[in-house]
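# Understanding the architecture of this molecule
Residue-level listing of the chains:
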Amino acid sequence: KAGVTQTPRYLIKTRGQQVTLSCSPISGHRSVSWYQQTPGQGLQFLFEYFSETQRNKGNFPGRFSGRQFSNSRSEMNVSTLELGDSALYLCASSLLAGLGGDEQYFGPGTRLTVT
Amino acid sequence: DQQVKQNSPSLSVQEGRISILNCDYTNSMFDYFLWYKKYPAEGPTFLISISSIKDKNEDGRFTVFLNKSAKHLSLHIVPSQPGDSAVYFCAASAQTGNQFYFGTGTSLTVIP
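In this report, the structure presented in the accompanying data block is examined. (Residues numbered from 1 in each chain as written. Chains lettered and ligands numbered in written order. Predicted model: local features only at pLDDT ≥ 70, side-chain atom pairs only at ≥ 80, totals over all residues. Heavy atoms only, no water.)

## Quick notes on the overall build of chain B
Looking only at helices and strands, one finds zero helices and 11 strands in chain B. Tracing chain B from N to C terminus, the helices and strands come up as β-β-β-β-β-β-β-β-β-β-β. Along the first, second and third principal axes, the C-alpha atoms of chain B reach 45 × 30 × 20 Å. The buried share of chain B, taken over its 112 residues, is 43%. Put simply, 55% of the contacts in chain B that link residues at least 6 apart link residues at least 24 apart. Of the roughly 5,400 Å² of accessible surface on chain B, a fraction of 50% belongs to carbon and sulfur atoms. Of note, chain B has its 9 positive side-chain charges centred 3 Å away from the centre of its 9 negative side-chain charges. (Helix = DSSP H or I, 4+ residues; strand = E, 2+ residues; numbered from the N terminus. Buried < 20%, exposed > 50% of the residue type's maximum accessible area, 1.4 Å probe, protein only. Contact = heavy atoms within 4.5 Å. Areas by Shrake-Rupley, 256 points an atom, 1.4 Å probe, with all protein chains shown as cover. Lys, Arg positive; Asp, Glu negative; His and termini not counted. Charge placed at Lys NZ, Arg CZ, Asp CG, Glu CD.)

This is the structure:
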């Protein structure tokens, strides 16, 4: 069974630009969660999508948005990039919503650098 | 604002000895706790969990202890092996919220 895939793996953008990251969950999984990982803050929850609906949202500004398609693939968009948005963005998939532990699988992440 | 804290950013241990990684939390509503392991260029992978009805959970070389009164959990790895060298994250959630809150991670180095 293929794992969670994220594209692109690395990205360099300029301040003020926008970026779209993609996550393909494990086949059959309907929930996708997004996290931002930075050295000082660890992993911070961005949002969770289940069956194309945002189910949960973390404490991030409105510049961070996401969506989920009917095939469960999810995209995350960050508009008006700031230097502080430089981070590793991880997505995780699970069969049902709100699951963690051994029922949640992470992708390798997209490393975003904002210059 | 950080509800889950890992105060030790790094830890070095000799192979064969015990590794103890610590995690503190502030929200008394948390009732489900996890440890993840992360290698460079890979996503975190689940290691072990514990619910608040237990104070200990063991899986092979890995044991997690929960002290609810102190809002503290720890991960013990015995014996430590070089392949255990990774960043370890603890995470917590409350039944009602289902959102997972992660710590900042502890980088473990096991010296051969």
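## Here's the deal with the interface of chain A and chain B
Every contact between the two is made by 24 residues of chain A and, on the other side, 18 residues of chain B. Carbon and sulfur atoms supply 53% of the area that chain A and chain B bury against each other, a total of about 1,500 Å² over both sides. Counting the contacts that link chain A with chain B gives zero salt bridges. Counting across the interface, chain A meets chain B through four residue pairs in polar contact (both at pLDDT 80 or more). Of all the elements in the fold, those that place two or more residues in the side of chain A that touches chain B are strand 4 (31–38), strand 5 (42–50), strand 6 (53–57), strand 9 (87–94) and strand 10 (104–106) of chain A. (Buried area = accessible area lost by both parts, 1.4 Å probe. Salt bridge = Lys/Arg side-chain N within 4 Å of Asp/Glu carboxyl O. Polar contact = N/O pair within 3.5 Å; in protein donor to acceptor, adjacent residues only side chain to side chain.)

## Observations concerning the sheet that holds strand 8 (residues 74–78) of chain A
All names here are of chain A. Read from one edge of the open sheet, four strands run 1-3-8-7, paired in antiparallel fashion. Whereas interior strands pair on both sides, the edge strands pair on one side only; in this sheet they are strand 1 (5–7) and strand 7 (64–68). The average undirected angle you get between the axes of adjacent strands in this sheet is 20 degrees. (Pairing = 2+ DSSP bridges. Axes fitted to C-alpha atoms, helices over the stretch in contact; angles between N-to-C directions.)

## Overview of the nonpolar core
Core analysis: the biggest nonpolar cluster contains 24 residues, and B:Phe33, B:Trp35, B:Leu73, B:Leu75 and B:Tyr88 have the highest contact counts within it. Every element with two or more residues in this core is listed here: strand 3 (19–25), strand 4 (32–38), strand 5 (45–51), strand 7 (62–67), strand 8 (72–77), strand 9 (86–93) and strand 11 (106–111) of chain B. The biggest single contributor to this core is strand 9 of chain B, with four residues. Residues contacting B:Phe33, with those up to four places away along its chain left out, are B:Tyr25, B:Ile48, B:Ser49, B:Ile50, B:Leu66, B:Leu73, B:Ala91 and B:Ala92. By size, the runner-up hydrophobic cluster in this structure holds 21 residues, among which are A:Val19, A:Phe60, A:Tyr89 and A:Leu112. (Core = buried A, V, L, I, M, F, W, Y, C linked by side-chain atoms within 4.5 Å.)

## Focus: the sheet that holds strand 8 of chain B
Residues and elements named next belong to chain B. In space, the five strands of this open sheet follow the order 1-3-8-7-6, with antiparallel pairing throughout. For this open sheet the edge positions go to strand 1 (4–5) and strand 6 (56–59), each flanked by a neighbour on one side alone. Strand direction decides the pairing type here: strand 7 and strand 8, joined by six bridges, are antiparallel. Considered in strand 8, the bridge of Thr-63 is made with His-76.

## Side note on the pairing of strand 11 of chain B
Residue and element names in this part refer to chain B. Because side chains alternate across strand 11, one face comprises the buried residues Thr-106, Leu-108 and Val-110, and the other comprises Ser-107, Thr-109 and Ile-111, none of which is buried. Bridge count for strand 9 against strand 11 is three bridges, and the pairing is antiparallel. Residue pairing for strand 11: Ala-86 is matched across the bridge by Leu-108.

## Describing the packing of aromatic side chains
Aromatic rings in a pair are described by how distant their centres are and how their planes are angled relative to each other. Under the defined criterion, the tally for this structure stands at 13 aromatic pairs over all chains. When the centroid spacing of 6.2 Å and the interplanar angle of 55 degrees are considered together, the rings of B:Tyr25 and B:Phe30 count as tilted. The exposure class assigned to B:Tyr25 is buried, which follows from its relative accessible area of 7%. Look at B:Tyr36 and B:Phe102: their rings are 5.5 Å apart centre to centre, the planes differ by 40 degrees, and that puts the pair in the tilted class. On the criterion of sequence distance, the pair formed by B:Tyr36 in strand 4 and B:Phe102 in strand 10 (residues 101–102) is long-range, its members being 66 residues apart. Neither residue differs from the other here; B:Tyr36 and B:Phe102 are each classed as buried. The structure contains a cluster of three or more aromatic residues connected by ring pairs, namely A:Tyr35, A:Phe45, A:Phe106, B:Tyr36, B:Phe46 and B:Phe102. (Phe/Tyr/Trp six-rings, centres within 6.5 Å; stacked < 30°, edge-to-face > 60°.)

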